[in-house]
Amino acid sequence: MAPPLAAVLRRHHLVLVPRLRLLLSTAHSPSDQSDFEPDADQPLPAAPNDDGELTSFLHRVSHAASAASSPKDALSRLFSSSPSSASPPAPASPALLVRALWELRRDPDAAALALRYGDECSAAAGDEGAGPPPPAEAWHLAVWAAGKARRFDLAWAVVRRMRRRGVLTRRAMVILMERYAIANEVNKAVKTFDVMEKFKVEADQTVFYSLLRALCKSKNIEDAEELLLLRKKFFPLTAEGFNIILDGWCNIITDVAEAKRVWREMSNYCITPDGMSYTLMVSCFSKAGNLFDSLRVYDEMKKRGWTPGIGVYNSLVYVLTRENCVKDAHNIFSKLIDEGLQPDVETYNSMIIPLCERCQLDEARMVMESMILKGIVPTISTYHAFLKQEGIDESLRLLRKMEEDGRGPDSDTFLMLINKFFELNESGNALRVWNEMRRYEISPSHSHYMAVVQGLVKDGCIPRALEYYDEMKEKGFASDPKLDKEFKTFLLANRDHWRGAGKYNIIPQRSKHVTRRPRMQ
């Protein structure tokens, strides 16, 4: 029998540390924690050395934004808060402004104010009032923050300001389209693309494909396909365009029937599938557990002269393991090396995850041990695969090991564990996981509270569920009408027992000292 996973990891701790330090040193970008993607050639700058200046600037911006009656008033207040009358209180560097905008990303009004302030300070600093504008990443962050909060009025205000300053970029317009797509505002996303020419920004095929990807990523795949075909006179159909739609049906929503239909559509329009097309189809069949078609498409891919990449082999490892052909899955590792490729962490995860799903934990631990011996560091997905199957004690040990190796745990880890233990009718263990969150300094979100409250209600622990529900509302999270109704029914049925507590705020209590006035006749 293989040793517990935590013991396996401890045994090879020295192997993990050097590579872990390298990963941590390169993972400083805040984009690692969001869907904001900086330009490849202009990544977000590292945190400035002078944190005091950043803190001071953030405080002044937030205070001005909250105390002002209008954007113009807020800007005036910000200028009047200068620590020195000799020079305007501009950020010390463009990098500082970008970091400030990142910190203000959850407050779009304050972010827009900081950007406008930085822009006007930069303009005032130049000769004859024409200084350089803030860097492109600052503008992009402001558009993204406003769009993420669905404050599209602010996002368009930033775009118009970029146009006046002559710095409007295609990336800013793409970010706006992406935010509309995520908000399921498909028509507005398309209209944003259509007005690009009016803003003197080229709307070429690359931007068009970015729009299609945004629609597919937000699961509006049918709209993306319709748009692809409607605009074929302006943007000729290509394998790349169809691959975007295929990716939606293969990876965003795994729908084999739709993927097959799009494959046939490619043939109808005389579009020859390329290597990416075959890779996507192998992935789709693999996720669906269709071993026969996965191997069939793989063979056809090679016959057509396309060289399978690591992604294809990872898909084959997954479907072979899932269908209990573990020996054949191991043979793929040798095949990889023969093809001049090296197994990566996703290759090992493609075997570990289905083994864990089949509750073959001993075999999964041996694969994990082999991976670590080769110097490959487990990812958070690797740990999650084991956590979904382990009991409470081993789960808590794995959480500690994840922290030691810099692989979490994160908010999703705890939500997964809470849901798992409630589904197993182990409410006590679910609450132990809840208490562990504080140890890892993770604040419960609305999803965490709802998981705990609904789990306790399901187990019949309604008084305890009420405590968490009240705490959730005290922290400003929205209440749930269905739970409100259920709790009211419970409290009304137990009125005598709960009347004196004064603890739960579902039913307003009338003071016994208040006398009713008689009705007017």
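Fair warning: this is a prediction, and the values are worked out from it, not measured in the lab.

1. What about helix α23 (residues 411-423)?
Given a rise of 1.5 Å per residue, 13 residues ought to cover 18 Å, and the 19 Å separating the end C-alpha atoms of α23 matches this to within 8%. Considered for burial, the residues of α23 that qualify are T413, F414, M416, L417, I418, K420, F421 and F422. Those residues of α23 that are buried lie in contact with α21 (380-387), α22 (392-404), α24 (427-439) and α25 (446-458). Put simply, D410 is the residue that caps the front of α23, since its side-chain oxygen is 3.2 Å from the backbone nitrogen of D412. Trailing α23 by a residue or two, N425 shows a phi angle of about 60°, which is positive.

2. Side note on the packing of helix α7 (residues 136-148) against helix α9 (residues 170-182)
Interaxial distance between α7 and α9 falls to 9 Å at its minimum, and their mutual angle equals 10°. Comparing the axis directions of α7 and α9 gives the class roughly parallel. For the pair α7 and α9, the contacting residues are H140, V143, W144, G147 and K148 in the first and R171, A172, I175, L176 and R179 in the second. Class assignment of the residues belonging to the contact of α7 with α9 gives a composition of five nonpolar, two polar and three charged.

3. A few points about the environment of E53
Among the structural elements, E53 can be located in helix α3 (residues 51-67). A relative accessible area of 28% places E53 in the partly exposed class.

4. So, the pattern of salt bridges
All told, the structure shown has 24 salt bridges when counted by the stated rule. The shortest N-O distance in the salt bridge between D362 and R365 comes to 3.0 Å. Note that D362 and R365 are positioned in helix α20 (residues 361-373) at a spacing of three residues, about one turn of the helix. Since its relative accessible area comes to 26%, D362 is described here as partly exposed. When the shortest N-O distance is used, the salt bridge between E471 and K475 registers 4.0 Å. Classification of E471 by relative accessible area gives partly exposed; the value is 26%. For K475, a relative accessible area of 48% translates into the label partly exposed. One network of salt bridges, with partners in common, ties together R116, D119, E120, R161 and R165.

5. A few points about the packing of aromatic side chains
In the structure shown here, the tally under the stated rule is 17 aromatic pairs. Ring plane angle 85° and centroid distance 5.4 Å describe the contact between W434 and Y468, whose orientation is recorded as edge-to-face. Pair noted here: W434 is in helix α24 and Y468 is in helix α26 (residues 462-474), with a separation of 34 residues, a long-range link. For Y468, a relative accessible area of 8% gives the class buried. Here Y469 and F487 contribute two aromatic rings whose centre-to-centre distance is 5.0 Å and whose plane-to-plane angle is 55°, an arrangement assigned as tilted. Here Y469 is found in helix α26, whereas its partner F487 is found in helix α27 (residues 481-493), with 18 residues between them in sequence. Comparing Y469 with F487, the two get one shared label, buried.

6. A look at the confidence of the model for the protein
Any segment with low pLDDT has predicted coordinates that should not be analysed in fine detail. Overall, the prediction assigns the protein a mean pLDDT of 83, with 81% of residues at 70 or greater. Helix α12 (residues 221-230) holds the highest mean pLDDT among the elements of the protein, 97, whereas helix α2 (residues 13-26) holds the lowest, 32. Note on residues 11-34: pLDDT is under 50 here. Beyond four places in sequence and across chains, it has 35 contacts. For the stretch residues 85-89, pLDDT sits under 50, and the model shows seven contacts to residues farther than four places along the chain or on other chains.

Each value, and the rule that gives it
- Residues numbered from 1 in each chain as written.
- Predicted model: local features only at pLDDT ≥ 70, side-chain atom pairs only at ≥ 80, totals over all residues.
- Heavy atoms only, no water.
- Helix = DSSP H or I, 4+ residues; strand = E, 2+ residues; numbered from the N terminus.
- Expected span 1.5 Å × (residues − 1).
- Buried < 20%, exposed > 50% of the residue type's maximum accessible area, 1.4 Å probe, protein only.
- Contact = heavy atoms within 4.5 Å.
- Polar contact = N/O pair within 3.5 Å; in protein donor to acceptor, adjacent residues only side chain to side chain.
- Axes fitted to C-alpha atoms, helices over the stretch in contact; angles between N-to-C directions.
- Parallel < 35°, antiparallel > 145°, perpendicular 65-115°, else oblique.
- Nonpolar A, V, L, I, M, F, W, Y, C, P; charged D, E, K, R; others polar.
- Salt bridge = Lys/Arg side-chain N within 4 Å of Asp/Glu carboxyl O.
- Phe/Tyr/Trp six-rings, centres within 6.5 Å; stacked < 30°, edge-to-face > 60°.
- pLDDT = per-residue confidence, 0-100.

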